[in-house]
Amino acid sequence: MSDTTTGTAGRRRVFIDKQSPKAYHALVQASEAVRTTAADAGLDRILVELINLRVSQINGCAYCLDVHTKAALRAGETAQRLGVLPAWRDTELFAPRERAALALAEATTDIANETAQEAAYEDARQILTEDEISAVIWVALTINAFNRVSIMSKHPVRGLPQG
């Protein structure tokens, strides 16, 4: 991967992770700490990946969607649930715990919507422990940061080799 890419307007974008590796490495270290926090709180890998995917869907980060779809499938998530994730509220495919976490992750991503934030937090308190609430918020915060790195850098999604 080169250190720049061409954006839609034809202008070169800086891959900020490559341009400022110390800052990016600090974000990666934070992500590793959050992964440990999530595991210690009892969030399984599938739920973490669902949060990563839902936040990346909201933010429109193609690169992170690609990475975390693959990770979710490796963790054992089904194609059906991944396919309906944008409409998770309209299905019965997600358990109450997952629904609470997804709503909280969405509220963490759209912080300007205080009404939704309060409702999601209240619902989460009925189902999730304080450790789980904290972990869900940290996972959402972290993927939001990675989304912004990839969106602002225009990280490309690599296709499968044609054959």
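See the structure shown above.
Residues numbered from 1 in each chain as written. Predicted model: local features only at pLDDT ≥ 70, side-chain atom pairs only at ≥ 80, totals over all residues. Heavy atoms only, no water.

Draft legend 1. Structural view of the overall build of the protein chain. For the protein chain, the count of helices and strands is eight helices and two strands. Walking the protein chain from its N terminus toward its C terminus, one meets helices and strands in the order β-β-α-α-α-α-α-α-α-α. Over its C-alpha atoms the protein chain spans a radius of gyration of 16 Å, differing by no more than 12% from the 15 Å that the globule rule assigns to 163 residues. Seen through its C-alpha atoms, the protein chain measures out along the principal axes to roughly 50 × 40 × 30 Å. Residue burial in the protein chain is summarised as follows: out of 163 residues, 38% are buried. (Helix = DSSP H or I, 4+ residues; strand = E, 2+ residues; numbered from the N terminus. Rg over C-alpha atoms; globule rule 2.2 N^0.38 Å. Buried < 20%, exposed > 50% of the residue type's maximum accessible area, 1.4 Å probe, protein only.)

Draft legend 2. Structural context of the nonpolar core. Formed by 25 residues in total, the largest nonpolar core has its most connected members in A38, L43, I51, V55, L128, V136 and V139. Mapped onto this core, the elements with two or more residues apiece are α2 (21-41), α3 (45-59), α6 (96-109) and α8 (130-153). Looking at this core element by element, the count peaks at eight residues for α8. In this structure, V136 is in contact with L43, I51, A101, L104, A105 and L128, ignoring residues within four places of it in sequence. (Core = buried A, V, L, I, M, F, W, Y, C linked by side-chain atoms within 4.5 Å. Contact = heavy atoms within 4.5 Å.)

Draft legend 3. Focus on the environment of I137. Checked against the element boundaries, I137 lands in helix α8. Using a relative accessible area of 23% as the deciding quantity, one classes I137 as partly exposed. Spatially, the C-alpha atoms of I137 and E106 are 9.5 Å apart, while their sequence positions differ by 31 residues. Apart from the residues lying within four places of it in its own chain, the contact partners of I137 are L104, T108 and Y121.

Draft legend 4. Spotlight on the environment of S150. Tracing the backbone through its elements, the reader meets S150 in helix α8. As a C-alpha pair, S150 and C61 span 89 residues in sequence and 7.0 Å in three-dimensional space. In this view, S150 contacts C61, Y63, C64 and H155; residues no more than four positions away in its chain are not counted.

Draft legend 5. A look at the environment of A124. Considering the arrangement of structural elements, one finds A124 in helix α7 (residues 114-127). Sequence-wise, A124 and A145 are 21 residues apart; in three dimensions their C-alpha atoms are separated by 23 Å. Contacts of A124, omitting those with residues within four sequence positions, involve A100, L104 and I133.

Draft legend 6. Focus on the pattern of salt bridges. For the structure on display, the rule yields eight salt bridges. Notably, a salt bridge pairs R81 with E77, separated by 2.8 Å at the nearest N-O pair. Close ionic contact of E132 with R97 constitutes a salt bridge, the shortest N to O distance being 2.8 Å. Of this pair, E132 sits in helix α8 while R97 sits in helix α6; the two residues are 35 residues apart in sequence, bridging distant segments of the chain. (Salt bridge = Lys/Arg side-chain N within 4 Å of Asp/Glu carboxyl O.)

Draft legend 7. Molecular detail of the packing of α6 against α8. Orientation of α6 relative to α8, taken along the N-to-C sense of each, is 45 degrees, at an axis distance of 9 Å. As summarised for this structure, α6 and α8 are arranged oblique, according to the angle between their axes. Considering the relative orientation of α6 and α8, their crossing is right-handed. On the side of α6, the interface is formed by R97, A101, L104, A105, T108 and T109, while α8 contributes E132, I133, V136, I137, A140, L141 and N144. Broken down by class, the residue content of the contact of α6 with α8 amounts to eight nonpolar, three polar and two charged. (Axes fitted to C-alpha atoms, helices over the stretch in contact; angles between N-to-C directions. Parallel < 35°, antiparallel > 145°, perpendicular 65-115°, else oblique. Left-handed = near helix turned anticlockwise from the far one by under 90°. Nonpolar A, V, L, I, M, F, W, Y, C, P; charged D, E, K, R; others polar.)

Draft legend 8. Focus on the packing of α2 against α8. Across the interface, α2 lies against α8 with an axial gap of 9 Å and an inter-helix angle of 155 degrees. Between α2 and α8, the interaxial angle falls into the category roughly antiparallel. In the packing of α2 onto α8, the handedness of the crossing is left-handed. Residues Y24, L27, V28, S31, V34, T37, A38 and A41 of α2 touch α8, and the partners they reach there are D131, E132, A135, W138, V139, T142, A145, F146 and V149.

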